[in-house]
Amino acid sequence: MYNPRVGDKVSDLDTPSMIVDLDLMEANIKKLMDKLLPTGINIRPHLKTTKSAILAKKLAAAGAKGGCVAKLSEAEVIAEAGFDDLLITCEIIGPVKVKRLVALYQKHRKIRIVIDSAVGATAINDALAASGIEEPISVLVDLDVGLHRTGVAPGEPALALAQHIGGLKHLKIIGVQGYEGHLQHLHDRADREQQCLASMKTLTATADALRHAGFDIQVVTTGGTGTAEFCVTVPGVTEVQPGSFIFMDTDYRNAVGRFYSNSLTIRSTVVSRQGPRAVTIDSGLKTLTTDSGLAECKDARYAYGVLGDEQGSLVWEEGTPDLDVGDVVEMIPSHIDPTINLHDFYYAYRNGVIEEIWPVDSRGKVQ
Ligand code: PLP
Ligand code: MN
């Protein structure tokens, strides 16, 4: 078995391998904390990006409180790996999942969930009632603030759902989630800010309406890497959920700029020469995702193209030094979360030496 170790040189790693520049990653964390913590907001980073309990703990050590996961199966793995202050940000629907949720909650009482339907609420309540667990699970009403992905509509529907949940003994409403995912990658900063503030108005107005109806709304959670800085300026928002800032990707770099650095790259080897200014590298669709455009070579003189599952091309203009078989390049992912999901380990380095190796704990956990 191939078994790279702490202390090895990065240059000795086989490829493709996912490597993290620790200085840059730590600087990204510090920049986020320095910018957001003084506002008094709670930072609950979204672990859909890192899928790592070790990184969740590093973020908590830097000032974050808890973490988010997208799916229930991610929560299972991250909690088991020792980090269980988790908000599951996707709805938990269907008898198998509800059963798994009850089992998870049996062991980890800090788990929080979101709900956007009466049907979903009743199923979870009934399963908890049957389990004999006394303590009600903490619930956030998931609100649609414009993404139209999940979330109950603001106004009367949100109130009606809250009232339904309020009547269920094993569910306890503690807050509202309203994620404005459609705005994260808007390239025009003023537009992103303006639309974000409009979504935040919907979110905080709904939180107020629920309070008015007697609900104890303590948590109002929202935001990602592209909007967190705007969300924290809105009175009533208590928590933000940024994820990608820790590593960034080319799409976020193009949208939110270079405040955070690209701290994660995929080391790749040139495996074939395909012309005077063209080579093939060992990173294709199974290594770098393409939903948000193509990955970029860290050395921007070489342009990437996909050559199928296993390989990609790099081409260059005349006058640029040639790449040749055996050369190694670093590729910057275009969309960080699904790219990480393709790899087993992070190799985190400083000064060219691997300092830490982290498993991608919840890799492939899509349920
Ligand atoms: N919150 C929710 C519910 C999300 O789905 C996401 C990402 O898709 C985030 C927060 C974090 O976003 P980002 O990685 O863009 O910072
Ligand atoms: Mn993403």
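The residue numbering used here restarts from 1 in each chain and proceeds along that chain's sequence as written. Naming scheme: in the order in which they are written, chains are lettered from A and ligands are numbered from 1. With pLDDT at 70 or above as the cut-off, local features in this predicted model cover only qualifying residues; side-chain atom pairs require 80 or more to be listed or tallied, and sums for whole chains, interfaces and linings still use all residues. Each side-chain value is worked out from all heavy atoms of the structure, with water and hydrogens disregarded.

## Some thoughts on the pattern of salt bridges
Throughout this description, the term salt bridge denotes a Lys or Arg side-chain nitrogen within 4 Å of a carboxyl oxygen of Asp or Glu. This model, assessed by the stated rule, comprises 23 salt bridges. As a salt-bridge pair, K110 and D84 come within 3.9 Å of each other at their nearest N and O atoms. Taken as a pair, K110 in the loop between helix 4 (95–107) and strand 5 (112–115) and D84 in the loop between helix 3 (72–80) and strand 4 (86–88) lie far apart in primary sequence, 26 residues in all. Here the term buried applies to any residue with accessible area under 20% of the maximum for its type, exposed to any over 50%, and partly exposed to those in between, with areas from a 1.4 Å probe on protein chains only. By relative accessible area, which is 49% here, K110 ends up partly exposed. Measuring nitrogen to oxygen at the nearest pair gives 3.5 Å for the salt bridge that ties R273 to D324. Placement of R273 in strand 10 (residues 264–273) and of D324 in the loop between strand 14 (312–315) and strand 15 (328–332) is noted, with a sequence separation of 51 residues between them. Judged by its relative accessible area of 37%, D324 is partly exposed. Connected via shared salt-bridge partners are D23, E26, R350 and E355. Strands here are runs of E lasting at least two residues and helices are runs of H or I lasting at least four, both read from the DSSP assignment and numbered beginning at the N terminus.

## Points about the UniProt feature "domain: D-serine dehydratase-like" (unreviewed entry) in the protein chain
The UniProt feature table records "domain: D-serine dehydratase-like" (unreviewed entry) at residues 263–350. With 6% helix and 40% strand, residues 263–350 has its two end C-alpha atoms placed 11 Å apart. UniProt positions are given in the numbering used here, feature names are shortened, and annotations may be inferred rather than shown by experiment.

## Describing the sheet that holds strand 2 (residues 42–43)
For two strands to count as paired, DSSP must find a minimum of two bridges between them. In spatial order, the strands read 2-9-8-7-6-5-4-3; together these eight strands make up an open sheet with parallel pairing. Single-partner strands in this sheet number two, and they are strand 2 and strand 3 (67–69). Residue contacts follow a heavy-atom distance rule, with two residues in contact if any of their heavy atoms lie within 4.5 Å. With axes taken as lines fitted to C-alpha atoms, and helix axes fitted only over the stretch in contact, angles between N-to-C directions fall between 0 and 180 degrees. On the sheet, helix 5 (residues 118–131) packs against strand 5, strand 6 (137–142) and strand 7 (171–177) and is oriented at approximately 145° with respect to strand 7.

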